[in-house]
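Chain and residue survey
One-letter residues, chain by chain:
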Amino acid sequence: MKSKLLKTITLSSALLVILAGCGDGKTETKDTSKKEAKTEKSSTDADSGASAQAYTNPKDLKEDYDIIIVGAGGAGMSAAIQAKEDGKNPVILEKMPVAGGNTLKSSSGMNASETKFQKEQGIEDSNDKFYEETLKGGHETNDKELLRYYVDHSASAIDWLDSMGIRLNNLTITGGMSEKRTHRPEDGSAVGEYLVHGLLKNVHDRKIPIFVNADVTDIKEKDGKVDGVTVEMKETKEEKEVKGKAVVVTTGGYGANAKMIEAEKPELKSYVTTNQEGSTGDGIKMIEKLGGQTVDMDQIQIHPTVQQDTGILIGEAVRGEGGILVSKDGTRFVNELDTRDKVSAAINKLDDKSAYLVFDSGVRKRVKAIDFYDKKGFVKKGDSVKDLAKEIGVKDTDLEKTVTDWNKAVADKKDTLFNRTTGMDQPLDKGPYYAIKIAPGIHYTMGGVKINDKTEVLTKDGKAIPGLYAAGEVTGGLHGENRIGGNSVGDIIVFGRQAGEQSAKYIK
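Residues numbered from 1 in each chain as written. Predicted model: local features only at pLDDT ≥ 70, side-chain atom pairs only at ≥ 80, totals over all residues. Heavy atoms only, no water.

1. Observations concerning the overall build of the protein chain
Scanning the protein chain for helices and strands turns up 14 helices and 21 strands. Burial status across the protein chain gives 63% buried among its 508 residues. Restricting the contact set of the protein chain to residue pairs at least 6 apart, pairs at least 24 apart contribute 74%. By element, 46% of the accessible surface of the protein chain is carried by carbon and sulfur atoms, the whole surface being about 19000 Å². (Helix = DSSP H or I, 4+ residues; strand = E, 2+ residues; numbered from the N terminus. Buried < 20%, exposed > 50% of the residue type's maximum accessible area, 1.4 Å probe, protein only. Contact = heavy atoms within 4.5 Å. Areas by Shrake-Rupley, 256 points an atom, 1.4 Å probe, with all protein chains shown as cover.)

Structure, rendered in C-alpha cells:
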C-alpha cells in the first residue's frame, strides 16, 4: 500500500473530499451584489463538504486593510474574528476555491484542559497534567513557551467558541492522554466541518471580507516592517498589491508537497497523505524569503490509521471509544492508544504493514464519522465476530478469542498484553461487528516557522519581524517530534485568536 506515489486529495470543480464524517464537499465561489458574503443554508447530505458558502466578490478587493490574513482555515478565521472583535478591519485571502483548509479534515476533536464541559461531566483534569503529557508525547522536544501558553489558554478557547455557537461538549480521549479532554460536537461527529461552518458563519456575521481563489505569492516589506502582500486573483486573472498594517500567515503545513516531504524525509516519498492539496508550504517559503527562521522541518507525523486507496484518515475517536487493532492473524499487537508514532511503528513491523481496526455497534453509535466511512465503502460488516472474521479473511477462532480477551480486559480494567489504560469504558459486545483496513500515512508537518507566544514571526537571530504574525500548522515547535491527536485543533484556535489579538495591538 506504500507503493503508490505520494498523493493528495484533490479539489476538482471545487469538490473537496472531507475526512471523517464530514462528507465530500461541493462549494462554489459566488459573485454577490453585496460586498460582504452571507452564509447560505448548509446541505445535510453526507456530500455537503464545506457547504454552499458565498464569498466576497473578487471585484470588491480593496487596496488597503488593517490586517491581511493569508489562509482561511481554522487559524485564519479565528484570527480574523478576534481582530474584528478588537475593532480592526481584517481581510482573509484564501488560494483554494473554498475556505477551511485542513481544518475541514479534522476528525477527533479539540484538546483542552480544565474546561467547563469537563467539570460538568466530573472529569478532573489540570493544565499541568495536559502540559506534561503533551511534552512526553513530543519526546520532551516541544517549545515549552508555546506549549505552556497553549494549555493555559485552551479552556478559554473552548469558552470563546461556545460564545459564538460552536459547542464542543462531547468528550473523548486520544492517544497519549490520560483524561477525556478531546472536545467534539455534541452529537459526537467529526469536529472539522462543524468548526469550519461555525467559524464561517461568524466571519460572515461580522462582515469580514473573505476572498477565495486569492493566491498570495509574496509578503511585502518596507523600512523593515511588513506592509502588505501580492495576491493573484484567479477568477479575474489579476495580480494586485494589497496594503496592510500587519500580516497574519495561516497557510498550513506542507503535507501535500511531495518535493518538500522527500527533501526533508526521503523515506516517506511513497506514503499516501491525508492532507488537502493546498497544503504545500507556501507560507513557510514566503516567510523564509523575509529572513524568518524555521524549526523542526524534518519532523513529519505519520498517522497510523489511514485508508490507503483514498488517503482518508480514520479518526482516533474510533479507538478512543473502544476500537482495537488486529493483524491479519486476528490478534492485537499494540496499545491502540499509545502515541501516533509508536502505533504507526507497530503497524509497520507487521508482515504486510497494515492492520484492521475492529469495533462494534456501540462504537459506531458513539462515533458518527463511521457513517461516512461506511458510505465510502471502507467498512466491512459481520453479524457476529465469526462472520466478521470471514469477511476480512482472518481465522475466526483467533479473532473471537481476541475480542473475548479484550472484553475481559475491559471488565477487569487491566490490559495485561499491552497495558492500555484508556478507551476502555465499553466492551465490544454489541453486534453487528465492523472492521476497516488501515495503514500509516503522512498526516501532519510539525515543522514550520518559528514564533513566540505572541505569534510574532522570529528571524534567525531571534528578533520579531515587525508586523508579521503566524499561527497553525505553518508554525513549528509546539508539537515537538510527535503531535498528540486533538492538539492541532487546539493549536489553530488558541494561536489563531492570539494572532488576531496581537496584530490588532500592534497597529494601534
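2. Observations regarding helix α4 (residues 144-163)
Since there are 3.6 residues in each turn of an α-helix, residues three or four apart along the chain are aligned in direction. A rise of 1.5 Å per residue sets the reference length of α4, with its 20 residues, at 28 Å; its end C-alpha atoms lie 29 Å apart and thus fit the reference within 8%. Those residues of α4 that sit buried are L146, L147, Y149, Y150, V151, S154, A155, A157, I158, W160, L161 and D162. Of the residues that open α4, the one with a side-chain oxygen 3.1 Å from the backbone nitrogen of E145 is D143. (Expected span 1.5 Å × (residues − 1). Polar contact = N/O pair within 3.5 Å; in protein donor to acceptor, adjacent residues only side chain to side chain.)

3. Here's the deal with the nonpolar core
Ranked by internal contacts, the top residues of the largest apolar core, which has 95 residues, are I92, L93, L161, L199, L468 and I493. When residues of this core are assigned to their parent elements, the largest contribution, nine residues, is made by α4. Counting 43 residues, the second-largest nonpolar core is a separate cluster that includes A346, V363, I370 and I436. (Core = buried A, V, L, I, M, F, W, Y, C linked by side-chain atoms within 4.5 Å.)

4. Thoughts on the pattern of salt bridges
Enumeration over the complete set of coordinates arrives at 31 salt bridges. Salt-bridge contacts for K116 lead to D159; the nearest nitrogen and oxygen are separated by 3.9 Å. Here K116 is found in helix α2 (residues 116-120), whereas its partner D159 is found in helix α4, with 43 residues between them in sequence. One salt-bridge network, in which partners are shared between bridges, spans K116, D159, D162 and R167. (Salt bridge = Lys/Arg side-chain N within 4 Å of Asp/Glu carboxyl O.)

5. Overview of the layout of surface pockets
Here the second largest pocket defines a volume of roughly 340 Å³. Lining the second largest pocket we find 15 residues, and of these K136, G176, M177, D338 and T339 sit closest to its centre. Take the lining of the second largest pocket: its biggest share by element is three residues, from helix α3 (residues 127-137). When residues of the lining of the second largest pocket are assigned to domains, at least three map to each of domain 1 (54-299 + 446-507) and domain 2 (303-442). (1 Å grid on protein atoms, 1.4 Å probe; cavity = no way out; pocket = protein on both sides within 12 Å on 5 of 7 lines; lining within 4 Å. Points joined across faces, edges and corners; volume = space filled by probe spheres on them. Domains from an automatic or database assignment.)

6. Some words on empty space enclosed by the protein
According to the stated counting rule, one finds five cavities of 30 Å³ or more in the structure shown. Computed from the structure, the largest cavity encloses a volume of approximately 620 Å³. Surrounding the largest cavity, 49 residues form its lining, G101, N102, T103, G252 and E473 being those nearest its centre. Residue assignment for the lining of the largest cavity shows that the elements contributing at least two residues are α1 (74-85), β9 (214-222), α7 (282-289), β18 (433-445) and α14 (487-506).

7. Examining the packing of helix α5 (residues 191-205) against α14
One way to put it is that α5 packs onto α14 with a least axis distance of 12 Å and a crossing angle of 15°. When the axis of α5 is compared with that of α14, the two are roughly parallel. When you trace α5 past α14, the crossing you get is left-handed. For the pair formed by α5 and α14, the contact residues are V191, L195 and L199 on the first element and V489, I492 and I493 on the second. When grouped by side-chain class, the residues that make up the contact of α5 with α14 number six nonpolar, no polar and no charged. (Axes fitted to C-alpha atoms, helices over the stretch in contact; angles between N-to-C directions. Parallel < 35°, antiparallel > 145°, perpendicular 65-115°, else oblique. Left-handed = near helix turned anticlockwise from the far one by under 90°. Nonpolar A, V, L, I, M, F, W, Y, C, P; charged D, E, K, R; others polar.)

8. Remarks on the confidence of the model for the protein chain
For the protein chain, the average pLDDT comes to 90, and 90% of its residues sit at 70 or higher. Of the regions scoring below 50 in pLDDT, residues 1-52 engages in 173 contacts with residues more than four places distant in sequence or in other chains. (pLDDT = per-residue confidence, 0-100.)

9. A look at unusual backbone geometry
A cis amide bond, omega -5°, links G431 with the succeeding residue P432. Here P432 lies in the loop between α13 (396-412) and β18. Not every positive phi belongs to a glycine, and D223 is a case in point at roughly 55°. Structurally, the position occupied by D223 is in the loop between β9 and β10 (225-233). Its relative accessible area of 71% is what places D223 among the exposed residues. Positive phi, close to 55°, is recorded for K237, a residue that is not glycine.

10. Some remarks on the sheet that holds strand β6 (residues 170-172)
Strand order in the open sheet formed by three strands is β5-β7-β6, and the pairing between neighbours is antiparallel. Edge positions in the open sheet fall to β5 (110-111) and β6, since each of these has one partner strand only. (Pairing = 2+ DSSP bridges.)

11. What to know about the side chain of T115
You can see T115 is positioned in the loop between β5 and α2. Engagement of the side chain of T115 in a polar contact is seen with the side chain of H183, the distance being 2.9 Å. In this structure T115 touches A155, I158 and H183, once residues within four positions along its chain are discounted.

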